[in-house]
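# Results of the structural survey
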Amino acid sequence: MVSDFETRLFIDGEFRLPHSGKQFDLFNPATSKQIGSVYEAGVEDVDDAVESASQAFETWSETPASERGQWLHRLADKLSENVEEMSRLEALTMGRPMHNDFTIPWAIEILRYFANRASDIQGETSLSDPSLFGMTVRQPFGVTAAIIPWNTPILMLSMKIGPALAAGNTMVLKTSEKSPLSCLVVARCMKEIGFPRGVLSILSGFGRPCGEALAKHMDIRKLAFTGSTATGKAIKKAAAESNLKNVTLELGGKSPLIIFEDADLAKAAVDAANSIMVVSGQSCMASSRVYVEDSRALDFIELVKKEITKIGVSGDPLAKGTLRGPQADHLQYERILSFLDVARQEKLNVVLGGDKENKAGYYIQPTVIFEAPDNSRLIKEEIFGPVLCVSTFTDEADVLRRANDTEYGLYASVYTRDIVRALRVAKKLQAGSVGINVTSPTTSLDLPFGGWKESGEGRELGKHALDSWTELKTILIGL
Ligand code: NAD
């Protein structure tokens, strides 16, 4: 239970009760039992947080960039002392195992990356018109917002607050209703180190009314969202219908992984297994569609089954050594099982798993499906679970067409020893990131990450992210 834990809203540097006094319940997906409840933010609380962020902006935006960076470093230091607690709370609320969790240390590294680059925001000059001295400057938007999903809350938080706060913005961040607790540890850490009040408020709440109120708020100038494509579209619409705020969207995926005959098959199998098993398949960039050249298909199937079975042993996400936890909640669980029902109805060739596990909690067997038809829902839709579809191909042009035949475009990979072919295929793949002989979750914190097509717009990480949290202004001086 989490009864001794601070669960109020964090607004203006203080924990406080919501206007409504309402709470909502949290459940442990490993047992499906209730573990406590958390205070819920409503529209009036959003208004309070925005008002506080607006006041804080006056000072924060005028604070030297290096000092803003130092505050982010202090926060990163404090978070480093609390990694285990945050990891435990995420395991408890959404089932990601504590054992070998890489997401929270990575989140802290991201915070430090942006802390070090707070002074790197620069403009340009122009002398192209002899009568003018022209320049551009980059300035913060003002009050901004972030709405994050449940699968990796601290990682998502760091990707939003790192560049936003380094660039001089203030922010109101809404966590997911499924896993709000670890971000409340961030709030506690901010209070403990005396982080300037109002610069970051953290609200627990639902999409409606809290998330919607942020998307529609007239005083918020930019909103960064990570979550499903459907919600991303709703947020963009709400933003367009209110004050046309700048919106960054990191959405879903159905990432293809292409393996040519000459590839290192054993490595491809290990990487494909790891990619689909990250957070029990609940990763936006999971390589969920594998296309393997016909002549190597049966060997690949055997290898990938072996790897998935090895790393797919399930257990209590709180216990040392657990490799795989449950799905995040009953909605995720039911949704994934409904895809497995479709596989049964369509009489697909399920070569591993294919059902729920026979135990308490929301556990689903790691599943491999061979040669599902290209128009099957399992090939077309994001399942967000431990379900890998493996198909064969014989022709490069044909596999590229099939790999790109999706509305998503977050990540794609190609495995081959032929560098020219690798680059030719990489050029043709419609995705924001392409891995050559690596696959997701491999990214680099100094390079942009984001989606093409319905996987989103805008970029996180790297210098692009820092720039994306600023408005450009052109200044012209008559000579
Ligand atoms: P979701 O869209 O259901 O919810 C995400 C967040 O949006 C939550 O905080 C939720 O409360 C909020 N929300 C819901 N409706 C809203 C509305 N009408 N207005 C404002 N906010 C609203 O997604 P989820 O189930 O939490 O996460 C899973 C999805 O996230 C998957 O599709 C996955 O691919 C995607 N995801 C993408 C990335 C990425 O970087 N591209 C990373 C992680 C997850």
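The sections below set out a description of the structure shown in this document.

Reading the values: rules and limits
- Along each chain, residues carry numbers from 1 onward, in the same order as the chain's sequence is written.
- Thresholds applied to this predicted model are a pLDDT of at least 70 for local features of residues and 80 or more for the giving and counting of side-chain atom pairs; totals over whole chains, interfaces and linings are not thresholded and use all residues.
- As a rule here, side-chain values come from all non-hydrogen atoms in the structure, and water together with hydrogens is ignored.
- We call a residue near a molecule or strand as soon as one heavy atom of that residue lies within 4 Å of the molecule or strand.
- Any N or O atom pair separated by 3.5 Å or less is treated as a polar contact, with the protein-specific requirement of one donor-capable and one acceptor-capable atom, and with residues adjacent in sequence counted only for side-chain atom pairs.
- To be clear on the numbers: accessible area is Shrake-Rupley with a 1.4 Å probe, and residue cover counts the displayed protein chains and nothing else.
- Helix and strand definitions follow DSSP, with helices as H or I runs of at least four residues and strands as E runs of at least two, each counted in order from the N terminus.
- Charged means Asp, Glu, Lys or Arg here, nonpolar means Ala, Val, Leu, Ile, Met, Phe, Trp, Tyr, Cys or Pro, and polar covers whatever is left, Gly included.
- Partly exposed residues are those whose accessible area sits between 20% and 50% of the maximum for their type, while under 20% is buried and over 50% is exposed, using a 1.4 Å probe and protein chains only.
- In this analysis, two residues are considered to be in contact whenever any of their non-hydrogen atoms come within 4.5 Å of each other.
- Any two strands with at least two DSSP-identified bridges between them are counted as paired.
- Only the stretch in contact is used when fitting a helix axis, every axis being a line fitted to C-alpha atoms; angles between N-to-C directions are given from 0 to 180 degrees.
- Orientation categories follow fixed angle ranges, with anything under 35 degrees roughly parallel, anything over 145 roughly antiparallel, 65 to 115 roughly perpendicular, and all other angles oblique.
- Handedness of a helix crossing follows the sense of rotation of the near helix relative to the far helix, less than a right angle counterclockwise being left-handed and clockwise being right-handed.
- Whether a crossover is right-handed comes down to one check: with the strands pointing away from the viewer, does the path from the first strand over the helix to the second run clockwise; if it does, it is right-handed.
- The rule for a salt bridge is simple: a side-chain nitrogen of Lys or Arg has to be within 4 Å of a carboxyl oxygen of Asp or Glu.

## Remarks on the site of the ligand
- Neighbouring the ligand are 28 residues; Glu-177, Ser-228, Thr-231, Leu-251 and Glu-382 lie closest to it.
- Glu-177 places a side-chain nitrogen or oxygen 2.7 Å from an oxygen atom of the ligand.
- Protein chains shield 90% of the accessible area of the ligand, which is 850 Å² for the free molecule.
- Taken together, the elements giving at least two residues each to the shell around the ligand come down to α7 (207-216), β10 (222-226) and α8 (229-241).
- Looking at which element gives the most residues to the shell around the ligand, the answer is α7, with 3 residues.
- Classifying every residue of the shell around the ligand by side-chain character gives 13 nonpolar, 10 polar and 5 charged.

## As for the environment of Ile-147
- Along the chain, the position of Ile-147 falls in strand β7 (residues 143-147).
- Judged by relative accessible area, Ile-147 falls into the buried class, the value being 6%.
- Each C-alpha atom of the pair Ile-147 and Leu-203 lies 9.7 Å from the other, and the pair is 56 residues apart in sequence.
- Those residues in contact with Ile-147 that sit more than four places away from it in its chain are Lys-160, Lys-174, Gly-211, Leu-214, Leu-223, Ala-224, Phe-225, Thr-226 and Ile-235.

## Quick notes on the sheet that holds strand β5 (residues 125-126)
- Across the sheet, 3 strands lie side by side as β5-β6-β20; this open sheet has antiparallel pairing. Strands with a single pairing partner mark the edges of an open sheet, and in this sheet they are β5 and β20 (470-478).
- Taken together, the 9 bridges between strand β6 (residues 132-140) and β20 define a ladder with antiparallel strand orientation. What sits directly across from Pro-140, in β20, is Thr-470.

## Concerning the packing of helix α2 (residues 65-80) against helix α4 (residues 103-116)
- One way to put it is that α2 packs onto α4 with a least axis distance of 8 Å and a crossing angle of 165°. On the basis of their axis angle, the class for α2 and α4 is roughly antiparallel. As α2 packs across α4, the resulting crossing turns out to be left-handed. Contact residues: α2 offers Gly-69, Leu-72, His-73, Leu-75, Ala-76, Asp-77, Leu-79 and Ser-80, while α4 offers Ile-108, Leu-111, Arg-112, Ala-115 and Asn-116.
- Split by residue class, the contact of α2 with α4 holds 7 nonpolar, 4 polar and 2 charged.

## Some details on the pairing of β7
- Among the 5 residues of β7, 5 are classified as buried, and the element is accordingly described as predominantly covered.
- What you see with β7 is no split at all: Val-143, Ala-145 and Ile-147 on one side and Thr-144 and Ala-146 on the other are buried throughout.
- Inspection of the sheet shows β7 paired to strand β8 (residues 170-174) by 5 bridges, in the parallel sense. The partner of Ala-145 across the bridge, within β8, is Val-172.
- The β-α-β motif built from β7, the intervening helix α5 (residues 153-166) and the parallel element β8 has right-handed crossover chirality.
- Inspection of the sheet shows β7 paired to β10 by 4 bridges, in the parallel sense. Bridged to Ala-146 within β10 is Ala-224.

## Overview of the pattern of salt bridges
- Scanning the model with the defined rule gives 35 salt bridges in all.
- Among the salt bridges present, the one from Arg-8 reaches Glu-6, with a minimum N-O distance of 2.9 Å.
- Of the residues examined, Arg-8 reaches a relative accessible area of 30% and is grouped as partly exposed.
- Through salt bridges with shared partners, a single network forms among Lys-78, Glu-81, Glu-85, Arg-188 and Glu-192.

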